[in-house]
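Examination of the molecular architecture
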Amino acid sequence: DVANKKLVIRDTGIGMTKTDLINNLGTIARSGTKNFMQAIKEGVEDISMIGQFGVGFYSAYLVADKVTVVTKSNDDEQYIWESEAGGHFTVQRDINGQPLGRGTQIILYMKEEQTDYLKERTIKDLVKKHSQFIQYPISLEITKEEEVDDDSATDKKSDTSDAPKVEEVDEDEEKKKTDKKKKKVEKKEWEQLNKTKPLWLRNPKEITKDEYGAFYKSLTNDWEDHLAVKHFSVEGQLEFRAVLFVPKRAPFDMFESRKKPNNIKLYVRRVFIMDNCEDLIPEWLSFLKGIVDSEDLPLNISRETLQQNKILKVINKNIVKKAIELFQEISENKEDFNKFYEAFSKNIKYGIHDDSTNRDKLAEFLRFHSTKSATEMTSLKDYITRMKEGQEFIYFVCGETKKAVEESPFLESLKKKGLEVLLMSDPMDEYAMQQLKEFEGKKFKNITKEGLDLATDEEEKKKQEELTKANEQLCTVIKDTLGEKVEKVATSQRLSSSPCVIVTGEFGWTANMERIMKAQALRNSGMGSYMTSKKTLEINPTHPIVTELRKKVEKDKSDKTVKDLVWLLYETALLTSGFNLDEPNTFASRIHRMIKLGLAIDETETEADKPEDDIPALEEEGGDANEMEKVD
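Computed from a predicted structure; not experimentally measured. (Residues numbered from 1 in each chain as written. Predicted model: local features only at pLDDT ≥ 70, side-chain atom pairs only at ≥ 80, totals over all residues. Heavy atoms only, no water.)

When helices and strands are counted, the chain shows 22 helices and 21 strands. Expressed as a percentage of the 632 residues in the chain, the buried residues total 42%. Put simply, the chain shows about 36900 Å² of open surface, and 47% of that area lies on carbon and sulfur atoms. (Helix = DSSP H or I, 4+ residues; strand = E, 2+ residues; numbered from the N terminus. Buried < 20%, exposed > 50% of the residue type's maximum accessible area, 1.4 Å probe, protein only. Areas by Shrake-Rupley, 256 points an atom, 1.4 Å probe, with all protein chains shown as cover.)

The structure is reproduced here in structure tokens:
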């Protein structure tokens, strides 16, 4: 009743007697709140009793100046309880009011600033949010306008009834009266607001795919159908029912820090409680949508208490378990799983990083490109079936793009030996692989880190030792030239066609991880100082460039040409190994000088003097130039 600023709520329940009115609404001394506080003082441990009393009747005074309760019980006459919350109330027998038959009617006289609650849209939204699935029908009296002709309108005015009525007009009569003027009249009717049935209470075997689809769309406002659904109930010490949906596509704001933690709505006995409970579901599963309806949680429990409720931990554990079962079901259909993995692979990898309990189960859903899988992605189980006899590790390499890792120099020897390598180009792969140490007893090995031993027999090991010994002097000269840029210089087993590569220490960031961390806008700059990896320059002892360099070093350790070539090799190795150059201009100037040398252009001293150690000058004598051309 907008005109009189009244909101009337009526039911046909059991009603209250005069004694009930006084005891239940009249005094806090007999209220549940008082009893609860008393129980706390007496040391009652079971705080779950909170919410078992009252339904927040006095919250009505947040929006209303005065509240009138008219009630009729089968055991008493009809009474009116009235109060303006000023410390007193009145109860009197209702002699003149309209008989209720049985039940209770609450009339809220709204405050001036709370008239928004008298709007039809506000009430509909509130009921839809909190009481959409209540088993009892909730109806709202709405006013509609209808057009009638003048005669009909005149009849209305002469009618003694207060409520406007619209007479039904025959179609033939309506045609005859088309020339008459129309007039708008108001018509009141009841509209049921909670028409959606609580689908989760039904047997899953009886529910069709279309019914699940309609329920999903009404719950999420998604325009697409869901990809998969899991409908289950848990019984025992804790009872709850749940319906979980996997959408077809990932939301654009899935990993935004400001978005709400999850899309799971928590109901208690079909009454909506909240949809942003952080403890209900882990963050990596935030893409799941659905509902959880518990019979065991208190109905009007406070959010603070709810966050710490042990029941939530049990619900969380069961949801994660059922979600993994759901992913397993999706993986049985290759087309559906491809859609799922394309949309939510980051969540699976986040789960591996975050959830130590389910890490091994989640690893089964991982899919990667590999050096043997062509365009198809392979699972870790399939990789293990293709492993060579005696192979101890699952080899993988991480990089910025699929193309970059496919052409990585780190793959050369492994490809030559027929060993399969997983190619990872998603930034989340770096985080996941830090936590995933092994799969089905096989350890993972990052081929961009030191400690890669590919020698399989004694003859190969002996050959490697000989090459290491032969290149000791060259390694020493390179280390002296580069100084602190590298931790050490060693001969490599992982190269076949590249002259050198830079590998990182077994602990600390890889080149790819360093790139990812540097790209973080809000990163802790101090962290890089101790997490930045130790670089090792590995040279290929059989490569022509390295062989020629060794000869020049054996001839003259202090050859300036060697120094310039060492710096050039180091900087190109940085690029091919996935690092960024600290001084790209210096690298460019070296390349330009090499181009001039190749084109036989005389070097003119146009640059400002720079320290010799930074950019060693090239020898300008003709003999040395010819030797440089040979090396090139």
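This part covers the nonpolar core. By size, the foremost hydrophobic cluster in this structure holds 75 residues, and its most contacted members are Val246, Phe327 and Phe340. The biggest single contributor to this core is helix H8 (residues 310–331), with ten residues. Once you skip the residues sitting within four places of it in the chain, phenylalanine 340 turns out to touch Leu227, Val246, Phe287, Phe327, Ile330, Ser345 and Ile348. One finds Ala511, Ile539, Ala573 and Leu581 within the second-largest nonpolar core, a separate group that totals 28 residues. (Core = buried A, V, L, I, M, F, W, Y, C linked by side-chain atoms within 4.5 Å. Contact = heavy atoms within 4.5 Å.)

Pairing is mixed across the open sheet formed by three strands, whose spatial order is S19-S21-S20. The strands lining the two open edges of the sheet, one partner per strand, are strand S19 (488–491) and strand S20 (500–504). Taking each pair of neighbouring strands and ignoring which way they run, the sheet shows an average axis angle of 30 degrees. Sheet topology note: the S19/strand S21 (residues 535–539) ladder contains four bridges and is parallel. Across the sheet, residue lysine 488 finds its bridge partner in S21, namely threonine 536. (Pairing = 2+ DSSP bridges. Axes fitted to C-alpha atoms, helices over the stretch in contact; angles between N-to-C directions.)

Time to look at unusual backbone geometry. The phi dihedral of glutamate 440 falls on the positive side, at around 50 degrees, and the residue is not glycine. Counting through the fold element by element, glutamate 440 comes out in the loop between strand S17 (438–439) and strand S18 (442–446). Phi angles above zero are rare outside glycine, and alanine 600 is one such case at about 60 degrees. On the secondary structure map, alanine 600 appears in the loop between helix H21 (584–598) and helix H22 (622–631).

Next up on the list: the pairing of strand S3 (residues 78–83). Counting buried positions along S3 yields five of six residues, so the element is predominantly enclosed. Inspection of the sheet shows strand S2 (residues 64–72) paired to S3 by six bridges, in the antiparallel sense. Counted as the bridge partner of valine 67 is serine 83 from S3. Following S2, the chain reverses through five residues before pairing antiparallel with S3. Pairing analysis gives five bridges linking S3 to strand S4 (residues 89–93), with the strands arranged antiparallel. Each bridged residue has a counterpart across the sheet, and for serine 83 the counterpart in S4 is phenylalanine 89. Hairpin geometry of S3 and S4 is characterised by an intervening segment of five residues between the two adjacent antiparallel strands and by a positive phi of about 60 degrees at alanine 85.

This brings us to the packing of helix H14 (residues 427–435) against helix H17 (residues 511–518). Running from N to C, H14 and H17 cross one another at 115 degrees; their axes reach a closest spacing of 10 Å. Relative to H17, the crossing made by H14 is left-handed. The segment H14 lies against H17, with Pro427, Glu430, Tyr431 and Gln434 engaging Asn512, Met513, Ile516 and Met517. Partitioning the contact of H14 with H17 into residue classes produces five nonpolar, two polar and one charged. (Left-handed = near helix turned anticlockwise from the far one by under 90°. Nonpolar A, V, L, I, M, F, W, Y, C, P; charged D, E, K, R; others polar.)

The subject of this paragraph is helix H6 (residues 209–220). In this model H6 runs 16 Å from its N-terminal to its C-terminal C-alpha over twelve residues, within 8% of the 16 Å that 1.5 Å per residue would give. Within the span of H6, buried status applies to Tyr212, Gly213, Phe215, Tyr216, Leu219 and Thr220. Take H6 and look down its axis: the buried residues cluster within an arc of 165 degrees, on one side only. Residues of H6 that are buried sit in contact with strand S8 (228–234), strand S9 (240–246), strand S10 (263–268) and strand S12 (289–294). Positive backbone phi, approximately 60 degrees, marks asparagine 221, located one or two places after H6. (Expected span 1.5 Å × (residues − 1). Arc of directions from axis to C-beta.)

Bringing the environment of leucine 62 into the picture now. By secondary structure assignment, the location of leucine 62 is in the loop between helix H2 (32–41) and S2. Linking leucine 62 and lysine 111, residues 49 residues apart in sequence, is a C-alpha distance of 8.6 Å. Every residue in contact with leucine 62, bar those within four places of it in the chain, is listed here: Lys111 and Gln114.

What follows covers the pattern of salt bridges. Here the structure, examined in full by the defined rule, presents 28 salt bridges. Residues aspartate 116 and lysine 119 are paired through a salt bridge, measuring 3.3 Å at the closest nitrogen-oxygen approach. For aspartate 222, the salt bridge goes to arginine 249, with nearest N and O atoms at 2.7 Å. Highlighted residues: aspartate 222 in the loop between H6 and S8 and arginine 249 in the loop between S9 and S10, separated in sequence by 27 residues. Assessed through its relative accessible area of 11%, aspartate 222 is described here as buried. You can call arginine 249 partly exposed: its relative accessible area is 34%. One continuous salt-bridge network, built from bridges that share partners, spans Lys230, Lys322, Glu325 and Glu329. (Salt bridge = Lys/Arg side-chain N within 4 Å of Asp/Glu carboxyl O.)

Hydrogen bonds between backbone atoms are what pair the strands of a sheet, whose relative direction is either parallel or antiparallel. The mixed open sheet is built from five strands, whose spatial order is S8-S9-S12-S10-S11. Among the strands making up the open sheet, the edge pair consists of S8 and strand S11 (271–274). Strand after strand, the sheet turns through a mean of 20 degrees between neighbouring axes, direction not considered. Sheet topology places S8 next to S9; seven bridges connect them, and they run antiparallel. The residue of S9 that forms the bridge with valine 234 is phenylalanine 240. Along the sheet, H8 makes contact with S8, S9, S10 and S12, crossing S8 at roughly 140 degrees.

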